[in-house]
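Reading the structure
Below, each chain spelled out in residue letters.
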Amino acid sequence: MTVNELIQRIREKLGTVQFYTEAEVIANGINPAQRLLCLLRPDALSQRTTVTLSTNEVFVDLRQASIATWQIRRVVLATTTGENASRSNGDFRDILPVSLNWLMGRRDWFTQKGAVTRYARQGRFWLVFYKRPVQSETITLIYRSVPTAFDMTDLASEPDIQSSYQPLLADIATALLLMKEGAAETEKSVRILSEIFAVEHFDPLRKAIDRLKRQAAQNEVVEARA
Amino acid sequence: MTTVADMITRVHDVLQDPDGQSWSSDRAKTQMQDEMTRLSRRGLWGEITWLQGVANQSLYTLPSDTVEISHVLYNERMLRFATEDMLDRKSAAWEFQERDPVYWTSDNQTPNVLRLVPAPLISGSAVPVFPPYPMINNPEDNLIVFHSIDMRSRVDDEVDTFPIHAMWEDVMTYLAAYHLAQEEGAYQNLPVSTTMREMGTLWLKQLGVAS
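The structure reproduced in this document is the subject of the present report. Treat the numbers as computed from the prediction; the structure is a model and nothing was measured.

Moving on to the overall build of chain A. Counting its secondary structure elements, chain A contains seven helices and nine strands. Its C-alpha radius of gyration of 24 Å places chain A more than 25% over the 17 Å reference for a compact globule of 226 residues. Reported as C-alpha extents along the three principal axes, the dimensions of chain A are approximately 80 × 45 × 25 Å. Evaluated residue by residue, chain A yields a buried proportion of 49% over its 226 residues. Nonlocal contacts in chain A, meaning residues at least 24 apart in sequence, comprise 66% of its contacts between residues at least 6 apart. In chain A, 29 side chains carry a positive charge and 26 a negative one; their mean positions are 10 Å apart.

To continue, consider helix α5 (residues 190-206) of chain B. Residues and elements named next belong to chain B. The end-to-end C-alpha separation of α5 is 24 Å, in line with the 24 Å expected for 17 residues at 1.5 Å each. Within α5 the residues assigned to the buried category are V192, S193, T194, T195, M196, E198, M199, G200, L202, W203, L204 and Q206. Where α5 begins, the capping side chain belongs to N189, and its oxygen is found 3.3 Å from the backbone nitrogen of V192. Downstream of α5 by a residue or two, G208 has a phi angle that is positive, lying close to 85°.

According to the stated counting rule, one finds 18 salt bridges over all chains in the structure shown. Residue K213 of chain A pairs with E187 of chain A through a salt bridge whose shortest N-O separation is 3.0 Å. Here the residue K213 of chain A occupies a position in helix α7 (residues 203-225), and E187 of chain A occupies one in helix α6 (residues 183-196), the gap between them amounting to 26 residues. Close ionic contact of R10 of chain B with D170 of chain B constitutes a salt bridge, the shortest N to O distance being 2.7 Å. Of the two residues, R10 of chain B is situated in helix α1 (residues 4-14) and D170 of chain B in helix α4 (residues 166-181); the sequence distance between them amounts to 160 residues. The pair R10 of chain B / D170 of chain B is uniform in exposure class, with both members buried. By sharing partners, the salt bridges in this structure join R35 of chain A together with R10, E169 and D170 of chain B into a single network.

Attention shifts here to a positive patch on the surface. A cluster of basic residues, R107 of chain A together with R77, R80, K90 and R99 of chain B, forms a positive patch at the surface. With respect to the helices and strands, the residue R107 of chain A is situated in the loop between α4 (100-104) and β7 (118-122).

So, about the environment of V171 of chain B. All names here are of chain B. Tracing the backbone shows V171 in helix α4. Under the relative-accessibility criterion, V171 is labelled buried at 0%. In the structure, V171 is positioned 37 residues away from P134 in sequence and 34 Å away in space, judged by C-alpha atoms.

For the rest of this paragraph, the subject is the side chain of S58 of chain B. Residue and element names in this part refer to chain B. Summarising the element assignment, S58 is placed in the loop between β1 (46-51) and β2 (59-61). Of the polar contacts made by the side chain of S58, one reaches the side chain of R115; its length is 3.3 Å. Once residues lying within four places of it in the same chain are set aside, the contact partners of S58 are L114, R115, L116 and A119.

Next up on the list: the sheet that holds strand β5 (residues 80-81) of chain B. All names here are of chain B. Overall, mixed pairing links the four strands, which are arranged β2-β7-β6-β5 in an open sheet. Each edge of the open sheet is held by one strand with a lone partner, namely β2 and β5. Relative to strand β7 (residues 113-117), β2 runs antiparallel, the two being bridged by three bridges. Within the sheet, the bridge partner assigned to Y60 lies in β7 and is L114.

Before going further, it helps to examine the packing of aromatic side chains. On inspection of all chains with the given rule, the structure shows 14 aromatic pairs over all chains. Centroid distance F19 of chain A to Y20 of chain A: 5.6 Å. Interplanar angle 25°. Geometry classified as stacked. Where W45 of chain B meets W168 of chain B, the ring centres are 5.0 Å apart and the plane angle is 85°; that geometry is what we call edge-to-face. One end of the pair, W45 of chain B, is in the loop between α2 (25-40) and β1; the other, W168 of chain B, is in helix α4, with 123 residues separating them in the sequence. Both residues of the pair, W45 of chain B and W168 of chain B, count as buried. Among the aromatic residues, those joined into a ring-pair cluster are F59, W109, F110 and W126 of chain A together with F146 of chain B. Over the ring of W102 of chain A we find R106 of chain A; its NZ or CZ atom is 3.7 Å from the centre of that ring. The aromatic ring of F110 of chain A is capped on one face by R132 of chain A, whose charged end is 4.7 Å from the ring centroid.

Conventions adopted
Residues numbered from 1 in each chain as written. Chains lettered and ligands numbered in written order. Predicted model: local features only at pLDDT ≥ 70, side-chain atom pairs only at ≥ 80, totals over all residues. Heavy atoms only, no water. Helix = DSSP H or I, 4+ residues; strand = E, 2+ residues; numbered from the N terminus. Rg over C-alpha atoms; globule rule 2.2 N^0.38 Å. Buried < 20%, exposed > 50% of the residue type's maximum accessible area, 1.4 Å probe, protein only. Contact = heavy atoms within 4.5 Å. Lys, Arg positive; Asp, Glu negative; His and termini not counted. Charge placed at Lys NZ, Arg CZ, Asp CG, Glu CD. Expected span 1.5 Å × (residues − 1). Polar contact = N/O pair within 3.5 Å; in protein donor to acceptor, adjacent residues only side chain to side chain. Salt bridge = Lys/Arg side-chain N within 4 Å of Asp/Glu carboxyl O. Patch = residues over 30% accessible without salt bridge, like charges linked within 9 Å, V, L, I, M, F, W, Y side chains within 5 Å. Areas by Shrake-Rupley, 256 points an atom, 1.4 Å probe, with all protein chains shown as cover. Pairing = 2+ DSSP bridges. Phe/Tyr/Trp six-rings, centres within 6.5 Å; stacked < 30°, edge-to-face > 60°. Lys NZ or Arg CZ within 6 Å of the ring centre and 35° of its normal.

Set out below in structure tokens:
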């Protein structure tokens, strides 16, 4: 399903509401719809990339290694990106996640050299490996990925996410676009989204809109009495 | 890649103010910068910074956008954190001591300044190492500081490319729209404000950030 086809579907779903430009449908509809789908159905888009850890290298900047990473799932000492996995210098094992505090609890962790067995995160950008590799190693990062965003120049492109999820994008995008229209449309959006995802994700929004409506009704009563 | 101008357009579209008549582009950009600072205060944007150790110098200054220092290595070894109260109880005149540093403190300093206790006796080399691992700068007798930064300055120009992945674009757009739409005045829009707040909160929760 191409972006053009998605835009057509969204326009049909929006019905008489036709004052959304194509650029807005993409920027505030399709693109965040893809990302919401990935946030709430994280298995919709997983990717793998290999990183070479040079001798003594312990810091990897995810902004350079793989900027689309939003959640690390596994880190493996080996190449596991294709059909056949291959060992890194004869080794094949998971590198286990630890907290930065765990690592820093070992006063001399930075000087330790040997097999790479652990990694920690420093904020959202950095991976810190322990121990320092004594030879160059290949590591595979397996992560939940941010889908490629579209713009007006690539209307013939297709979403990264698997095809079985693609028809949902039009519904989600429609729901997101309607949210700016007011309480009644947001209620409709919540209904659409709750049919696609677990209801509890949108319960806080539903309750907040209910509260607003009650408040507005009370205000009307007060004004009528006055 | 999305630019700050693209994100301002998104905010204007959400607020149904495409020409920026109710909220100017500058106002929307400032609000987005505020959202970035708000996120930065949660310590999300970690950095690792090398600083040269200097003989007899106890105070070291990190970039001014530092939010919080979390860990300090000196000469490749972890230093323990101590408050000034703890150091006072441990020994008198600790600020005069000079030998290999054991502690670091950021107590009673600006957020981007740390103090090594005691001050180091020797200066580290500033000559880059080759091959450049574990860092391009030599860690021996020098400092490696783990800290978080405020990325506000990375979104201060409309031509700037948004520096983080696109999940955060949505967070910033929704939270900026939430705060703008709830402002008291002729353009206040509580339904949109409430919706955007909840959407921003949903995104943050899924990204592992407690609201």
